[in-house]
Every structure is written in structure tokens, then in C-alpha cells.
Amino acid sequence: MHSYHSSRPRVDWNRCGQAAVATLLDYHWLDPHGLKKPNYDEKDGRHHWASGEIIDRICEEFPPNHLLGLFGTTPGQLAKALRSAGLEASWAASRNEGESSEKIWKEVKRSVEAGFPVIVIMDMGKLGGRPLTAHWGVVYRIEDSTVYLANTKNITTVPEARFLGVFKCWFMPPRFHHCAVFARLKTVGAP
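**Here we look at the packing of aromatic side chains**
Here comes step 1: Across all of its chains, the model carries six aromatic pairs by this definition.
Here comes step 2: A connected cluster of aromatic rings, assembled from ring pairs, spans Trp105, Phe163 and Phe167.
Here comes step 3: Across the ring face of Trp49, the terminal group of Lys37 is positioned such that the distance to the ring centre comes to 4.5 Å.
Here comes step 4: If you follow Arg46 out to its NZ or CZ, it ends over the ring of Trp29, 3.8 Å from the centre.

So, in C-alpha cells, the structure goes:
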């Protein structure tokens, strides 16, 4: 899976959600903005957008909006961006530990197994990053109790047991606990 990253420190410091949206659009071969794809990736044999350009374009319509954008993007805003591009999108979060968090994780696993990567919130402090930092990444495969991630610099796999702790951002409001944004191609019904 090709990852997009918010890599411009003074511009992209709170745009990881838009980078995750770009990753899913690219995965589903959607190009709602008609941007050029100058970057060739030998790993997948495809051309991809310049990260800064696609992130900027997504931000024009769907900017960071959590507490005036200071704390990044809400899951509802990410779902709107995905719907606008032609995907069916929804999100879920748990307000407490236990049954609801387990249910969300099972849904993430089902979606990924069906070939639909999921945007997830992560506590980067639990992955060796800066403490009290939330990040929107993408889970695109779960195999042999290993979670495969896109949109996380230098961290591509995490043991599932460890990831379950990363998946709860205890320092964020409840709507960000075990938060996942699901997207899939729209199904067309029979006439």
C-alpha cells in the first residue's frame, strides 16, 4: 500500500487525517481532484500524487476541524471527505473499555480481511513517539497476529496485542477512543 505523509513541519503538523484519506483514495484508484501523479513507486508499479499537493487539495474542502483544527481532524470530517470522493464511509468509536472496543476491533479486522483498509486513531506515545500525540494511520492487513500500518513513518508492523493498547487514545475525548473510519466502494444495486 502506498502511504501519504504530512511531511512539511510548519504546514502539515495536524493533517495526518488528510494524508490517511489520500492513502485510501489512491488505494481505491479514485482521483476526485484530477491531480497529476508524478511519483513512480517501483513496489507497486504505479504513479502517485505528491503528498503535499494531495493533502493540500483535501484540506481545501475538509480541513482539520477538531477544536478549530488545533488538534487535527475529527472522524466525521474524514468520513465526509471519503464520501465526497465516491466511497461509502462511516466511523465508530467506543466510549469505554470492553464490549464496544472489542466490537470495533472485530469490525476493523473484518473490513481489512475483505480488502478495505481502515483509518484508525493511534496513541503515538505508545509506539515510541511523542507522548500525548494522536495520529490517524491506516490498517491495511492483519496477519499472524501482526497489524500492518500505512501512514506511520518508520513503523510498518505492530504485534496485535500491542496495537490494541495503541488504538485507545485515553487522553483524547471519548469519540476518539478506539476510533476507526471505514470506507468501501459504493455498491450499485440492480436496476
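**Overview of the nonpolar core**
Here comes step 1: If you look at the biggest cluster of nonpolar residues, it comprises 34 residues, and the most contacted ones within it are Val21, Leu25, Ile54, Leu82, Ile119, Trp136 and Val181.
Here comes step 2: Contributions of two or more residues to this core are made by helix 1 (16–27), helix 2 (51–61), helix 3 (75–84), strand 3 (87–92), strand 4 (118–123), strand 5 (134–143) and strand 8 (180–185).
Here comes step 3: Aside from chain neighbours lying at most four places away, what touches Val181 is Pro75, Leu78, Ala79, Leu82, Ser90, Trp91, Val118, Ile119 and Trp136.
Here comes step 4: Counting residues in each nonpolar core, the second largest holds 20 residues, with Val108, Val118, Phe167 and Ala180 among its members.

**A few points about helix 1**
Here comes step 1: Taking 1.5 Å of rise per residue, 12 residues should cover 16 Å, and helix 1 covers 16 Å from first to last C-alpha, within 8% of that figure.
Here comes step 2: All buried positions along helix 1 are accounted for by Cys16, Gly17, Gln18, Ala19, Ala20, Val21, Ala22, Thr23, Leu24, Leu25 and Asp26.
Here comes step 3: With its phi angle positive at about 60°, Trp29 sits one or two positions after the end of helix 1.

**With respect to the environment of Ser111**
Here comes step 1: Tracing the sequence through the fold places Ser111 in helix 4 (residues 99–113).
Here comes step 2: It is 20 Å that separates the C-alpha atoms of Ser111 and Arg162, two residues lying 51 residues apart in sequence.
Here comes step 3: Filtering out sequence-adjacent residues up to four positions away, Ser111 remains in contact with Phe116, Val118, Phe182 and Arg184.

**Considering the packing of helix 1 against helix 3**
Here comes step 1: In contact at an axis separation of 10 Å, helix 1 and helix 3 are set at 30° when each is read in the N-to-C sense. With respect to their mutual orientation, helix 1 and helix 3 come out roughly parallel. Handedness of the crossing formed by helix 1 with helix 3: right-handed. For the pair helix 1 and helix 3, contact is made by Gly17, Gln18, Val21, Leu24 and Leu25 and by Leu78, Ala81 and Leu82, respectively.
Here comes step 2: The residue inventory of the contact of helix 1 with helix 3, partitioned by class, reads six nonpolar, two polar and no charged.

The rules we used
- Residues numbered from 1 in each chain as written.
- Predicted model: local features only at pLDDT ≥ 70, side-chain atom pairs only at ≥ 80, totals over all residues.
- Heavy atoms only, no water.
- Phe/Tyr/Trp six-rings, centres within 6.5 Å; stacked < 30°, edge-to-face > 60°.
- Lys NZ or Arg CZ within 6 Å of the ring centre and 35° of its normal.
- Core = buried A, V, L, I, M, F, W, Y, C linked by side-chain atoms within 4.5 Å.
- Buried < 20%, exposed > 50% of the residue type's maximum accessible area, 1.4 Å probe, protein only.
- Helix = DSSP H or I, 4+ residues; strand = E, 2+ residues; numbered from the N terminus.
- Contact = heavy atoms within 4.5 Å.
- Expected span 1.5 Å × (residues − 1).
- Axes fitted to C-alpha atoms, helices over the stretch in contact; angles between N-to-C directions.
- Parallel < 35°, antiparallel > 145°, perpendicular 65-115°, else oblique.
- Left-handed = near helix turned anticlockwise from the far one by under 90°.
- Nonpolar A, V, L, I, M, F, W, Y, C, P; charged D, E, K, R; others polar.

Take it as geometry only, folks, not as evidence of what the structure does.
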